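# Descriptive analysis of the structure
Next come the chains, spelled out residue by residue.
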Amino acid sequence: MQDKTAKALRGAAKVLTVGGAGALGLGAIAFVFALLAHGLDWAMGLDWARKLLLLVGALMLITGGCGLFVSGRDRPSDAVTPREDDTFRMFWHEVGMPWGAAVTVASVDFLVLGTLVDLLYFSLAG
């Protein structure tokens, strides 16, 4: 039991690390793009970054939740449609959790960073 728990925690840490890097990258790109597009207006850069991070985080949460609902369904037994998808099985083997759970956990990074940018935006604007 401890081995399964340790593997799940390592997988969650890996997903949080990669999700955090993705969230930082997306936020930085959105900020720089909006900053340059709106005449070096830092408030507009923060506004775009917070909106995009919160939107992507919410979409990831919905997608991951839907993936958790359908991930355990059996497929019809047929030569054309195999019972297990090799891609999803390899993802679970490599990461340590199903893809739906990984997307849901990674959405936390986007939502937390979006909230921090949101707080920064409103504290500097007021």
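Above this text is the structure in question.
Just so you know, these numbers come straight off a predicted model, no measurement behind them.

### Digging into the overall build of the protein
A tally of helices and strands in the protein yields 4 helices and 0 strands. The order of α-helices and β-strands along the protein, N terminus first, is α-α-α-α. Looking at the protein as a whole, 30% of its 126 residues are labelled buried. Considering only residue pairs separated by 6 or more positions, the protein has 71% of its internal contacts joining residues 24 or more positions apart. Carbon and sulfur atoms provide 71% of the accessible area of the protein, an area that totals close to 8400 Å².

### Remarks on the packing of helix H2 (residues 42-70) against helix H4 (residues 99-125)
It is at 7 Å that the axes of H2 and H4 come closest, and there the two elements cross at 155°. By the angle between their directions, the pair H2 and H4 is classed as roughly antiparallel. The crossing of H2 and H4 is left-handed. Per-class residue counts for the contact of H2 with H4 are 24 nonpolar, 10 polar and 3 charged.

### Here's the deal with the packing of aromatic side chains
Given two aromatic rings, one states the distance between the centres and the angle between the planes to describe the pair. Considering all chains together, one arrives at 2 aromatic pairs under this definition. Centroid distance Phe33 to Trp48: 5.6 Å. Interplanar angle 50°. Geometry classified as tilted. Of this pair, Phe33 sits in helix H1 (residues 2-37) while Trp48 sits in helix H2, and the two are 15 residues apart along the sequence. Judged by its relative accessible area of 35%, Trp48 is partly exposed.

### As for the side chain of Arg50
Mapping Arg50 onto the fold places it in helix H2. Taking relative accessible area as the criterion, Arg50 reaches 14% and is therefore assigned buried. For Arg50, the side chain forms a polar contact with the side chain of Asp47, separated by 2.8 Å. Dropping the residues within four chain positions of it, Arg50 is found in contact with Gly114, Val117, Asp118, Tyr121 and Phe122.

### Section: a nonpolar patch on the surface
Together, Leu16, Val108, Val112, Leu116 and Leu119 make up an exposed nonpolar region whose accessible area comes to about 430 Å². It is H4 that provides the largest number of residues to the nonpolar patch, a total of 4 residues. Looking at where Leu119 falls in the secondary structure, it is placed in helix H4. You can call Leu119 exposed: its relative accessible area is 55%.

### Regarding the nonpolar core
By size, the foremost hydrophobic cluster in this structure holds 18 residues, and its most contacted members are Val15, Ala23, Leu53, Met97, Phe110 and Val117. Breaking this core down by element, the ones donating at least two residues are H1, H2 and H4. The leading source of residues in this core is H4, at 7 residues.

Parameters and conventions
Residues numbered from 1 in each chain as written. Predicted model: local features only at pLDDT ≥ 70, side-chain atom pairs only at ≥ 80, totals over all residues. Heavy atoms only, no water. Helix = DSSP H or I, 4+ residues; strand = E, 2+ residues; numbered from the N terminus. Buried < 20%, exposed > 50% of the residue type's maximum accessible area, 1.4 Å probe, protein only. Contact = heavy atoms within 4.5 Å. Areas by Shrake-Rupley, 256 points an atom, 1.4 Å probe, with all protein chains shown as cover. Axes fitted to C-alpha atoms, helices over the stretch in contact; angles between N-to-C directions. Parallel < 35°, antiparallel > 145°, perpendicular 65-115°, else oblique. Left-handed = near helix turned anticlockwise from the far one by under 90°. Nonpolar A, V, L, I, M, F, W, Y, C, P; charged D, E, K, R; others polar. Phe/Tyr/Trp six-rings, centres within 6.5 Å; stacked < 30°, edge-to-face > 60°. Polar contact = N/O pair within 3.5 Å; in protein donor to acceptor, adjacent residues only side chain to side chain. Patch = residues over 30% accessible without salt bridge, like charges linked within 9 Å, V, L, I, M, F, W, Y side chains within 5 Å. Salt bridge = Lys/Arg side-chain N within 4 Å of Asp/Glu carboxyl O. Core = buried A, V, L, I, M, F, W, Y, C linked by side-chain atoms within 4.5 Å.

In short, the description is geometric, and any link to function would need to be established separately.
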